[in-house]
Amino acid sequence: MKRTDYINWDEYFMGIALLTAMRSKDPSSQVGACIVSPENKILSLGYNGMPIGCDDDAMPWEREGSPLDTKYMYVCHAELNAILNSAHNNLKGARVYVTLFPCNECTKAIIQSGIQEVVYYSDKYHDSDSSVAARFMFKKAGVRLTPYTNTERKIELTL
Ligand SMILES: O=c1ccn([C@H]2C[C@H](O)[C@@H](COP(=O)(O)O)O2)c(=O)[nH]1
Ligand SMILES: [Zn+2]
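Criteria and cut-off values
- Residues numbered from 1 in each chain as written.
- Chains lettered and ligands numbered in written order.
- Predicted model: local features only at pLDDT ≥ 70, side-chain atom pairs only at ≥ 80, totals over all residues.
- Heavy atoms only, no water.
- UniProt positions renumbered as here; feature names shortened; annotations may be inferred.
- Core = buried A, V, L, I, M, F, W, Y, C linked by side-chain atoms within 4.5 Å.
- Buried < 20%, exposed > 50% of the residue type's maximum accessible area, 1.4 Å probe, protein only.
- Helix = DSSP H or I, 4+ residues; strand = E, 2+ residues; numbered from the N terminus.
- Contact = heavy atoms within 4.5 Å.
- Near = heavy atom within 4 Å.
- Polar contact = N/O pair within 3.5 Å; in protein donor to acceptor, adjacent residues only side chain to side chain.
- Areas by Shrake-Rupley, 256 points an atom, 1.4 Å probe, with all protein chains shown as cover.
- Nonpolar A, V, L, I, M, F, W, Y, C, P; charged D, E, K, R; others polar.
- Donors = N, O, S within 2.8 Å, 3.2 Å for Na, K, Ca; no water.
- Tetrahedral: all angles 85-135°; square planar, octahedral: opposite > 155°, others 65-115°.
- Arc of directions from axis to C-beta.
- Phe/Tyr/Trp six-rings, centres within 6.5 Å; stacked < 30°, edge-to-face > 60°.

By the naming in an unreviewed UniProt entry, the protein chain goes by Cytidine deaminase and is assigned to Faecalibacterium gallinarum. Under the UniProt heading Cofactor (unreviewed entry), the entry covering the protein chain gives this text: "Zn(2+)". Per UniProt, the comment on the protein chain under Sequence similarities (unreviewed entry) is "Belongs to the cytidine and deoxycytidylate deaminase family."

**Student:** Describe in detail the nonpolar core, supporting the description with residues and values.
**Tutor:** Core analysis: the largest hydrophobic core is formed by 21 residues, its most contacted members being Ile 35, Ile 83, Val 96, Ile 110, Ile 115, Val 118 and Phe 138. If you list the elements that add at least two residues to this core, you get β1 (32–36), α2 (78–85), β3 (95–100), α3 (104–113), β4 (117–122) and α4 (129–141). Not counting the four nearest positions on each side in its chain, Val 96 is found in contact with Ala 33, Cys 34, Ile 35, Ile 110, Ile 115, Glu 117, Val 118 and Val 119. With nine residues, the next largest nonpolar core counts Ala 17, Cys 34, Val 36 and Tyr 148 among its residues.

**Student:** Could you give an account of the UniProt feature "binding site: Zn(2+)" (unreviewed entry) in the protein chain, with specific residues and numbers?
**Tutor:** If you check UniProt for "binding site: Zn(2+)" (unreviewed entry), the listed places come out as His 77, Cys 103 and Cys 106 in our numbering. Spatially, the listed residues are clustered: although they cover 30 residues, their C-alpha atoms lie within 8.9 Å of one another. You can see Cys 103 is positioned in the loop between β3 and α3. Taking the relative accessible area as the measure of exposure, Cys 103 reaches 16% and is therefore buried. Apart from residues no more than four positions distant in its own chain, Cys 103 is found in contact with His 77, Ser 130 and Ala 134. You can see Cys 106 is positioned in helix α3. A relative accessible area of 3% means that Cys 106 is categorised as buried.

**Student:** Give me the site of ligand 1: which residues, what numbers.
**Tutor:** Close to ligand 1 lie 16 residues, the nearest being Asp 26, Ser 29, Lys 71, Tyr 72 and Tyr 125. In this structure, an oxygen atom belonging to ligand 1 sits 2.6 Å away from a side-chain N or O atom of Asp 26. In the model, an oxygen atom of ligand 1 is placed 2.4 Å from a nitrogen or oxygen of the Tyr 125 side chain. Its free accessible area being 460 Å², ligand 1 has 94% of it covered by the protein chains. Of the residues in the shell around ligand 1, the class split is eight nonpolar, four polar and four charged.

**Student:** Just give me the short version of the coordination of the zinc ion (ligand 2), but keep the residues and values in it.
**Tutor:** Here the zinc ion (ligand 2) is held by His 77 (ND1), Cys 103 (SG) and Cys 106 (SG), and the distances to it run 2.0 to 2.2 Å. Considering all four donor atoms around the zinc ion (ligand 2), angles at the metal cover 102 to 122 degrees and the coordination shape is tetrahedral. The sequence motif formed by the donor residues of the zinc ion (ligand 2) is H-x25-C-x2-C.

**Student:** Residue-level account of α3, with values.
**Tutor:** Think of an α-helix as 3.6 residues a turn; residues three or four steps apart then line up on the same face. Taken as a whole, α3 has its buried residues at Cys 106, Thr 107, Ala 109, Ile 110 and Ser 113. On an axial view of α3, the arc spanned by its buried residues comes to 165 degrees, and they lie on one face. Elements that come into contact with the buried residues of α3 comprise α2, β3, β4 and α4. Of the residues trailing α3, Gly 114 is marked for its positive phi of about 95 degrees.

**Student:** Could you give me a rundown of the packing of aromatic side chains, with the residues and numbers involved?
**Tutor:** The geometry of an aromatic ring pair comes down to the distance between the two centres and the angle between the two planes. For the structure shown, the criterion picks out seven aromatic pairs. Ring geometry for Tyr 12 and Phe 13: centres 5.0 Å apart, planes at 45 degrees, overall tilted. In this structure Tyr 12 comes out as partly exposed when scored by relative accessible area, which is 35%. The class for Phe 13 is buried, based on a relative accessible area of 0%.

And the structure:
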């Protein structure tokens, strides 16, 4: 008889998004994104990080200060990285698992890429202008927004 305690698709893809986020050097918010086809095949992964060639150790990671001295000017968001990393994959009809609800800029890229559903884990900036604008655009574009259903599943890895 087959085992029954295997992880379901949502746990699997959100788990991979959370694992991918662990690559981030951002001290305050590590974000991961996992793009999946309608056939449940992983099309791409991304996390928030500095652009290629920009040395992580030479870039600012501060949240506050003069804008040019903060990370916000430079960091490439997880969702955008995942879309850019998808190279030749067709993302039409795909869904994206994100550990943080997308900002308005990532929302534009998600919509333009043809992704049809966003499954999100944290929504900690729900009331920010960026999130309000994101929801507005997703609604207009008919992109489904699904909060991740927490199953309290513990996944432990020893590496
Ligand atoms: O859509 C998004 C929004 C944000 N991020 C990244 C960008 C930053 O590295 C962090 C946010 O930092 P805070 O200190 O929480 O302001 O998250 C992203 O990847 N995708
Ligand atoms: Zn973003």
